[in-house]
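# Summary of structural features
Letter by letter, the chains look like this.
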Amino acid sequence: MPPSLKRELTTFSAMALVVANMIGTGIFTTTGFLAADLGRSSLVLGVWIVGGVVALAGCLVYGELSVNLPRSGGEYVYLREAWGPVWGFVSGWVSFFAGFSAPIAAGGLAFAAYLSYFFPSLSPSSSDALLHSGIGWIHLGNGQLLAVGVIVVFGAVNILGLRLAASVQNTLTLLKIGVLSAFLALAFIMGHGNWHHFALPAVRVSTHDLALQFAVSLTFVMFAYSGWNAATYVAEEIRTPERSLPLALVGGTLLVIVFYLACNIAFIYALPLEKLKGVLPVGSEAARALFAGRGGAIFSGMMAAALLSCISAMVIVGPRVYYAMAQDGCFFRSAARVHPQFQTPVVAVLFQTLATAAMILTGTFEALIYYIGFMLVLFAALATAGIFRLRKRSNWRKLPAVDRFFPLVPGVFLVASCGMLVSTVQLRPTESFLGLLTVCCGAGLYWWTTVRNRNRRRV
């Protein structure tokens, strides 16, 4: 009998996975872009509140889906059950690129950007990042090389066993929460901030209608909230998924909403929006303003370390999707191979590591975020819509929190998702086109795989 995945994750570990996936690249990098596009503190805070409500609605729906379909794979499993194998395959294909590889790449670049506080040559946007061979789309600076190195290390840890990876993950998550808690407490107790900053507007960089821009900015924010579904990807490795998954999803999401609002208040308290505009390492700049001298440097370094938790969590989660797909014959068969000693999806981890490294060396941070946000919103919306169909099953167990407000809960998520998708297509056509192209390529690969398998059966 071939080796299988082990149920070793507790409720705490599952919740840590959710928190670690959510609190990471997004909260440490997006507020500067929001300040440039929205121009008012009330709108910047408002878009984070709206994003939290939308994420919580999606979290409740996924909680019900996970109770009834406690298999590793997340959207891949839900879409396959609701809409058929082709959509399940395409969602897994999209997860490989936009769900995990691209966000891990963005996390690696953000980690390098924060360390550039101490070593300017590590900035991913530094002038020496372009390969001098004349291939302008390849970025090979020190920051990119550092990011690739971090991904390789976490990939190796993940191969060596889930228990080791989970221990590292729990430690990094506690470190992250500790760093943020200390940052927030000290920011308001002894930080050199000013509440008057909330009344100071910034000159908007975006020339688009404010309502339309708000919807597009919500896509940016949803990237930061995207980890709310993380625990569903490792359902087969959670000891009591029927009980633990809903608790992990809801509890983790509520905790993160509070942290996100508090962080953004601290950022604006530290600096007016005009000085936050377009800043990538926004936490680093806020720490520099709040804690003069070594205090800013210490917090900048700790925030860089906290980003490792998010990267580690996604490196754990992603390969489980490809593993589930490969088991169903919908991905490269080798991705279903489990290491005989460590009992981890070793080939799937290697696939993800290679794809992430390629994205780090060829992509820019902002383009990656819009591409990721568009794709994640699209497929989360399709999975959420599937609950209307799946609830017709006779043995379907309804989650009380969803059933009490049905169809309002999935409706909130779907309406917000449609608004974000339409607005992103209008304002960011390139990233939207690349997202849809990814979907088409996935559908084409499914067709090719299906035809090939049929021909093999005939032979």
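## Focus: the overall build of the protein chain
Per the secondary structure count, the protein chain includes 18 helices and zero strands. Considering the protein chain as a whole, with its 459 residues, one finds that 60% of them fall into the buried category. For the protein chain, long-range pairs separated by at least 24 residues make up 82% of all intrachain contacts whose partners lie at least 6 apart in sequence. Counting every atom, the protein chain has about 17700 Å² of accessible surface; 67% of that belongs to carbon and sulfur.

## Some thoughts on the pattern of salt bridges
Considering all chains together, one arrives at seven salt bridges under this definition. For Arg391, the salt bridge is made with Glu64, and the minimal N-O distance between the two is 2.9 Å. Residue Arg391 is located in the loop between helix H15 (365–390) and helix H16 (400–403), and its partner Glu64 is located in helix H4 (residues 41–68); the two are separated by 327 residues in the primary sequence. Note on accessibility: Arg391 and Glu64 belong to one class, buried. When salt bridges that share partners are traced, they join Glu64, Arg391 and Asp403 into one network.

## Topic: the packing of helix H5 (residues 75–83) against helix H6 (residues 85–115)
At a closest axis distance of 6 Å, the pairing of H5 and H6 adopts a crossing angle of 160°. Taken together, the axes of H5 and H6 lie roughly antiparallel to each other. Read as a crossing pair, H5 and H6 show a hand that is right-handed. Listed contacts from H6 to Glu75, Tyr76, Leu79, Arg80 and Trp83 of H5 are Pro85, Trp87, Gly88, Phe89, Ser91 and Gly92. Looking at the contact of H5 with H6, its residues break down into six nonpolar, three polar and two charged.

## Observations concerning the packing of aromatic side chains
Any aromatic ring pair is given by two values, namely how distant the centres are and how the planes are angled relative to each other. Scanning the model with the defined rule gives twelve aromatic pairs in all. For the pair Trp195 and Phe198, a centre-to-centre distance of 5.6 Å together with 25° between the ring planes defines the contact as stacked. Residue classification places Trp195 among the exposed positions, given a relative accessible area of 51%. Here Phe388 and Phe406 contribute two aromatic rings whose centre-to-centre distance is 5.2 Å and whose plane-to-plane angle is 45°, an arrangement assigned as tilted. Here Phe406 lies in the loop between H16 and helix H17 (408–427) and Phe388 lies in helix H15, a separation of 18 residues in the sequence. Owing to a relative accessible area of 34%, Phe388 belongs among the partly exposed residues under this scheme. Residue class for Phe406 comes out partly exposed when judged on its relative accessible area of 28%. Here Arg391 stacks its cationic end above the ring of Phe406, 4.1 Å away from the centre of that ring.

## Digging into a nonpolar patch on the surface
On the surface, Ile49, Val53, Phe405, Leu408 and Val412 cluster together to form a nonpolar patch covering roughly 440 Å² of accessible area. Looking at the nonpolar patch, the elements with two or more residues in it are H4 and H17. With respect to the helices and strands, the residue Val412 is situated in helix H17.

## With respect to helix H3 (residues 31–38)
The element H3 is extensively covered by neighbouring structure, given that eight of its eight residues are classed as buried. Listed in full, the buried residues belonging to H3 are Thr31, Gly32, Phe33, Leu34, Ala35, Ala36, Asp37 and Leu38. In the stretch just after H3, Gly39 is the one whose phi turns positive, near 80°.

## Side note on the confidence of the model for the protein chain
Taken as a whole, the protein chain shows an average pLDDT of 79; of its residues, 86% reach a score of 70 or greater. Per-element averaging of pLDDT across the protein chain places helix H1 (residues 11–22) at the bottom with 73 and helix H11 (residues 273–276) at the top with 88.

## Overview of the state of the cysteines
On inspection of all chains with the given rule, the structure shows zero disulfides. Cys440 forms no disulfide, and the closest cysteine sulfur to it belongs to Cys441, at a distance of 7.0 Å.

## Description of H6
The terminal C-alpha atoms of H6 lie 43 Å apart, and with 31 residues this matches the ideal 45 Å at 1.5 Å per residue to within 8%. By the largest-angle criterion, Ser95 marks the main kink of H6, which is about 50°.

## Focus on the environment of Gly149
Along the polypeptide, Gly149 turns up in helix H7 (residues 142–159). Each C-alpha atom of the pair Gly149 and Ala357 lies 8.8 Å from the other, and the pair is 208 residues apart in sequence.

## Digging into the nonpolar core
By size, the foremost hydrophobic cluster in this structure holds 143 residues, and its most contacted members are Trp48, Phe183, Met222, Tyr225, Trp228 and Tyr260. A per-element tally of this core places helix H13 (residues 294–327) first, with 18 residues. Those residues within four positions of Phe183 in sequence are excluded, and the remaining contacts are Ala266, Phe267, Ala286, Ala287, Leu290, Phe291, Phe299 and Met303.

## Digging into the environment of Phe111
Secondary-structure assignment places Phe111 in helix H6. Among the residues examined, Phe111 registers a relative accessible area of 8% and is labelled buried. Placed 194 residues apart in sequence, Phe111 and Ala305 show a C-alpha to C-alpha distance of 7.7 Å. Setting aside chain neighbours within four positions, we find Phe111 in contact with Leu146, Val150, Ala304, Ala305, Leu307 and Leu308.

## Side note on the side chain of Arg391
Among the residues examined, Arg391 registers a relative accessible area of 11% and is labelled buried. Within the structure, Arg391 has its side chain in polar contact with the side chain of Glu64 (distance 2.9 Å). A polar atom in the side chain of Arg391 sits 3.1 Å from the side chain of Asp403. Not counting the four nearest positions on each side in its chain, Arg391 is found in contact with Glu64, Trp396, Lys398, Leu399, Val402, Asp403 and Phe406.

Definitions and cut-offs
- Residues numbered from 1 in each chain as written.
- Predicted model: local features only at pLDDT ≥ 70, side-chain atom pairs only at ≥ 80, totals over all residues.
- Heavy atoms only, no water.
- Helix = DSSP H or I, 4+ residues; strand = E, 2+ residues; numbered from the N terminus.
- Buried < 20%, exposed > 50% of the residue type's maximum accessible area, 1.4 Å probe, protein only.
- Contact = heavy atoms within 4.5 Å.
- Areas by Shrake-Rupley, 256 points an atom, 1.4 Å probe, with all protein chains shown as cover.
- Salt bridge = Lys/Arg side-chain N within 4 Å of Asp/Glu carboxyl O.
- Axes fitted to C-alpha atoms, helices over the stretch in contact; angles between N-to-C directions.
- Parallel < 35°, antiparallel > 145°, perpendicular 65-115°, else oblique.
- Left-handed = near helix turned anticlockwise from the far one by under 90°.
- Nonpolar A, V, L, I, M, F, W, Y, C, P; charged D, E, K, R; others polar.
- Phe/Tyr/Trp six-rings, centres within 6.5 Å; stacked < 30°, edge-to-face > 60°.
- Lys NZ or Arg CZ within 6 Å of the ring centre and 35° of its normal.
- Patch = residues over 30% accessible without salt bridge, like charges linked within 9 Å, V, L, I, M, F, W, Y side chains within 5 Å.
- pLDDT = per-residue confidence, 0-100.
- Disulfide = S-S within 2.5 Å.
- Expected span 1.5 Å × (residues − 1).
- Bend = angle between axes of the 7 residues up to and from the residue.
- Core = buried A, V, L, I, M, F, W, Y, C linked by side-chain atoms within 4.5 Å.
- Polar contact = N/O pair within 3.5 Å; in protein donor to acceptor, adjacent residues only side chain to side chain.

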